Amino acid sequence: MVQVAKYFLDFDKGVSCGKCTPCRAGFVYLREIVDAVAHGEGRPGDIQSMLAIMDTMRQAAFCEYAGRGSGPLAVILKHFRTEFDLHIEQKGCPAGGCSNLSRDEKTG
């Protein structure tokens, strides 16, 4: 699901009009964090950071795009948070979807 989250964030890349910081910078920060998690470089506070960024995007953006654009990530974190936790804590991919992370690397 980390790769699915990355897909949705990459899909929205460059779509923001750029008029407000929560949307313009929010998507950049979310992409950077999800990329780090997908590459085994996630940090313990990353999930809380993503939730805070998405909350700011929903509340402070000029339009609804920021909140709706971050919606898929919010749903993924709500239902598949354990996959993100595993990527961050054990540097492993339970679904085998992250090509640069294998189950053997986390134990080896």
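Note that the structure is a prediction, hence the values are computed from the model and not measured.

## Digging into the packing of helix α2 (residues 21-38) against helix α5 (residues 71-90)
The angle between the axes and the distance between the axes are what describe a pair of packed helices.
Argument step 1. Two numbers describe how α2 lies on α5: the axes approach to 10 Å, and their chain directions differ by 40°. Compared by their axis directions, α2 and α5 come out oblique. α2 and α5 meet at a crossing whose hand is left-handed. Two secondary-structure elements touch here, α2 through L30, V34, V37 and A38 and α5 through L73, F84, H87 and I88.
Argument step 2. Residues of the contact of α2 with α5, tallied by class, amount to seven nonpolar, one polar and no charged.

## Quick word on the nonpolar core
Argument step 1. In this structure, L30, V34, M50, L73, L77 and F84 are the most contacted members of the largest nonpolar core, which totals 25 residues.
Argument step 2. If one sorts the elements of this core by residue count, α2 sits on top with seven residues.
Argument step 3. In contact with M50, not counting residues within four places along its chain, are L30, I33, V34, L73, L77 and F84.

## Structural notes on α5
Argument step 1. Along its 20 residues, α5 runs 26 Å from first to last C-alpha, staying within 8% of the 28 Å computed at 1.5 Å per residue.
Argument step 2. Where α5 bends most, the angle comes to about 85°, and this point is F80.
Argument step 3. Of the positions making up α5, those classed as buried are L73, I76, L77, E83, F84, L86, H87 and I88.
Argument step 4. Of the residues one or two after α5, K91 is the one with positive phi, at around 55°.

## Regarding a nonpolar patch on the surface
Argument step 1. On the surface, V4, Y7, F8 and F11 cluster together to form a nonpolar patch covering roughly 410 Å² of accessible area.
Argument step 2. With respect to the helices and strands, the residue F11 is situated in helix α1 (residues 2-11).

## What to know about the pattern of salt bridges
Argument step 1. If you walk through the whole model with that rule in mind, you get five salt bridges.
Argument step 2. D10 is the partner of K6 in a salt bridge, and the nearest nitrogen-oxygen pair spans 3.0 Å. On the criterion of helical spacing, the pair formed by K6 and D10 is a turn pair, its members being four residues apart in helix α1.
Argument step 3. When its relative accessible area of 18% is taken as the criterion, K6 is described as buried.
Argument step 4. Among the charged side chains, a salt-bridge network with shared partners connects K6, D10 and D35.

## Some words on α2
Argument step 1. When the terminal C-alpha atoms of α2 are compared, their 25 Å separation across 18 residues agrees well with the 26 Å that a helix rising 1.5 Å per residue should span.
Argument step 2. All of the buried residues along α2 are P22, C23, A25, G26, F27, L30, R31, I33, V34, A36, V37 and A38.
Argument step 3. Where α2 ends, the next residue or the one after it, G40, has phi of about 75°, a positive value.

## As for the side chain of R31
Argument step 1. Take R31: it is sitting in helix α2.
Argument step 2. Of the side chains with opposite charge, D10 lies nearest to the buried R31, which makes no salt bridge, at 4.6 Å.
Argument step 3. When sequence neighbours within four positions are dropped, the list of residues in contact with R31 reads L9, D10, D12 and K13.

Conventions and cut-offs
Residues numbered from 1 in each chain as written. Predicted model: local features only at pLDDT ≥ 70, side-chain atom pairs only at ≥ 80, totals over all residues. Heavy atoms only, no water. Axes fitted to C-alpha atoms, helices over the stretch in contact; angles between N-to-C directions. Helix = DSSP H or I, 4+ residues; strand = E, 2+ residues; numbered from the N terminus. Parallel < 35°, antiparallel > 145°, perpendicular 65-115°, else oblique. Left-handed = near helix turned anticlockwise from the far one by under 90°. Contact = heavy atoms within 4.5 Å. Nonpolar A, V, L, I, M, F, W, Y, C, P; charged D, E, K, R; others polar. Core = buried A, V, L, I, M, F, W, Y, C linked by side-chain atoms within 4.5 Å. Buried < 20%, exposed > 50% of the residue type's maximum accessible area, 1.4 Å probe, protein only. Expected span 1.5 Å × (residues − 1). Bend = angle between axes of the 7 residues up to and from the residue. Patch = residues over 30% accessible without salt bridge, like charges linked within 9 Å, V, L, I, M, F, W, Y side chains within 5 Å. Areas by Shrake-Rupley, 256 points an atom, 1.4 Å probe, with all protein chains shown as cover. Salt bridge = Lys/Arg side-chain N within 4 Å of Asp/Glu carboxyl O. Lys, Arg positive; Asp, Glu negative; His and termini not counted.

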